[in-house]
Amino acid sequence: MSFVKGLRCRECGRDYPAKALFVCEYCFGSLEVDYDYEGIRARLTRSLIESRAKSIWRYRELLPIDGEPTVGFHTGMTPFFRARALAEALGVKELYIKDDSVCHPTLSFKDRVVSVALSRARELGFDTAACASTGNLANAVSALSAQSGFKRVIFIPADLEMGKVVGSLIFSPRLVAVEGNYDEVNRLCAEIAAKYRWAFVNINIRPYYAEGSKTYGFEIAEQMGWKAPRHIVVPAASGSLLVKIWKGLKEFHKLGLIPKPETKLYAAQAKGCSPIVTAIEEGSEIIKPVKPKTIAKSLAIGNPADGYYAADAIRETKGWGAAVSDEEIVEAMKLLGATEGIFTETAGGVTLAAARRLIQEKRIPRDESIVVSITGHGLKTQEAVVDHIGKPIKIKPTLSSFEEAVSGKLS
Ligand SMILES: *Cc1c(COP(=O)(O)O)cnc(C)c1O
Ligand SMILES: [Zn+2]
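Everything numeric in this text was worked out from a predicted model, so none of it was measured.

What follows deals with the packing of helix 5 (residues 136-148) against helix 6 (residues 162-169). In contact at an axis separation of 8 Å, helix 5 and helix 6 are set at 15 degrees when each is read in the N-to-C sense. Here helix 5 is positioned roughly parallel relative to helix 6, judged by the angle of their axes. Of the two possible hands of crossing, helix 5 and helix 6 adopt the one that is left-handed. Where helix 5 abuts helix 6, its residues N136, A138, N139 and S142 lie against K164, G167 and S168. The residue makeup of the contact of helix 5 with helix 6, split by class, is 1 nonpolar, 5 polar and 1 charged.

With that out of the way, let us pick up the coordination of the zinc ion (ligand 2). Distances from the zinc ion (ligand 2) to its protein donors, C9 (SG), C12 (SG), C24 (SG) and C27 (SG), fall at 2.3 Å. Its 4 donor atoms give the zinc ion (ligand 2) angles of 96 to 119 degrees at the centre, a pattern that matches the tetrahedral case. Sequence spacing among the residues donating to the zinc ion (ligand 2) works out to C-x2-C-x11-C-x2-C. With a gap of 12 residues between them, C12 in the loop between strand 1 (4-9) and strand 2 (15-16) and C24 in the loop between strand 2 and strand 3 (31-35) connect regions that are remote in the sequence.

Looking now at the layout of surface pockets. Here the second largest pocket defines a volume of roughly 410 Å³. Every residue lining the second largest pocket is counted, 18 residues in all, and those nearest its centre are R10, E32, V243, K247 and K250. Broken down by secondary-structure element, the contributors of at least two residues to the lining of the second largest pocket are strand 1, strand 3, helix 10 (240-254) and helix 12 (307-317). Of all the elements, helix 10 adds the most residues to the lining of the second largest pocket, at 6 residues. Counted by class, the lining of the second largest pocket contains 8 nonpolar, no polar and 10 charged residues.

This part covers the sheet that holds strand 10 (residues 231-235). Within a beta sheet, neighbouring strands are joined by backbone hydrogen bonds and run either parallel or antiparallel to one another. Ordered by their spatial adjacency, 6 strands build an open sheet running 4-5-13-10-11-12, and the pairing between neighbours is mixed. Among the strands making up the open sheet, the edge pair consists of strand 4 (80-82) and strand 12 (320-324). Geometrically, the sheet is characterised by an average inter-axis angle of 20 degrees between neighbouring strands, direction not taken into account. Across 3 bridges, the pairing between strand 4 and strand 5 (residues 94-99) is antiparallel. Looking across to strand 5, one finds that F80 is bridged to K98. With respect to the sheet, helix 9 (residues 214-223) is in contact with strand 4, strand 5, strand 10 and strand 13 (369-374), its orientation differing from that of strand 5 by roughly 135 degrees.

What counts and what doesn't
- Residues numbered from 1 in each chain as written.
- Chains lettered and ligands numbered in written order.
- Predicted model: local features only at pLDDT ≥ 70, side-chain atom pairs only at ≥ 80, totals over all residues.
- Heavy atoms only, no water.
- Axes fitted to C-alpha atoms, helices over the stretch in contact; angles between N-to-C directions.
- Helix = DSSP H or I, 4+ residues; strand = E, 2+ residues; numbered from the N terminus.
- Parallel < 35°, antiparallel > 145°, perpendicular 65-115°, else oblique.
- Left-handed = near helix turned anticlockwise from the far one by under 90°.
- Contact = heavy atoms within 4.5 Å.
- Nonpolar A, V, L, I, M, F, W, Y, C, P; charged D, E, K, R; others polar.
- Donors = N, O, S within 2.8 Å, 3.2 Å for Na, K, Ca; no water.
- Tetrahedral: all angles 85-135°; square planar, octahedral: opposite > 155°, others 65-115°.
- 1 Å grid on protein atoms, 1.4 Å probe; cavity = no way out; pocket = protein on both sides within 12 Å on 5 of 7 lines; lining within 4 Å.
- Points joined across faces, edges and corners; volume = space filled by probe spheres on them.
- Pairing = 2+ DSSP bridges.

Written out as structure tokens, the structure reads:
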């Protein structure tokens, strides 16, 4: 049973069938999935959701597929918990972490969007999956298309971290490293997508792909005990995750699953690539493209596809944004490790450093519920921290060597 009505232009509101379309032919606005919310409301209850397996598909009525899901049965329902030690370090009362650094199967939230995109791609008759990626998407498309029998062609910028490259190659995709930055990779892929009948998850089937990000927001609300937090800090690359968390919370409210969300959304970006935060700070409706230069490569999109909508959601919720330096990113990665035992990638460092700054600047009050969005795993971006975390202490295999070098210095 499907509740998808079709696609609708975000700008002019024209309706389109639920095909492999992504841009309005009248106004070039981007298309978004439209649902029969009346029908969903009559069916979807908290207890129905709770009765289902712990994956993104427990929210299947709000995801854009016609039949049964075919990809991502173990994706989603990642840990969500009160982070008391980190809260103390930041001087706040009620802090939570939503931890997609352990999302199945490739340790980032991209497993969510790809599971939805490929389930839909199969329904649309595609046999080849493709993407333009800053790294994590390459991993997720490679793994999940291997699991579900798609041919796979993956495009990345040539300067990606080794962990992201190896984490794709192990699934035997055609991995194409383009000499250029993400924005150039993306432009090339748009041309290729127009010529080859491949499912580019974040280009020609982007409306379906993007809906997968709502599940990150759904889970936060469900795991908080069916309510929304007051503040969510979200890392922004294209800006889609932030937009869809907000859409997800509004949908849950519309369906009577949670009280009206009084949530403020905050974009976290690296100083070396902060077009969305800059627009927020300058009060501008225009997202000015930038040339990225940051260790947070997974967020290095200089011309963000959903930048305008992300800034809009931030304005609507009266949130804000923060752009942080590479040093702050590394500091925050270490802080998260030392307080909560979580090894996040650079994007998580961006998010935590931004949260910390927003709290210091009193943009986020210290006594309200705050969620920090951790979206990827640190083993993939070891280059960022390897020179900043000390070295193991080398000793001979003797007690005296141990005591000379180590014991006595333990405290
Ligand atoms: C892609 C990515 C994001 C941001 O995604 P957008 O939806 O494009 O803003 C955040 N964190 C990680 C780890 C990512 O890989
Ligand atoms: Zn339009």
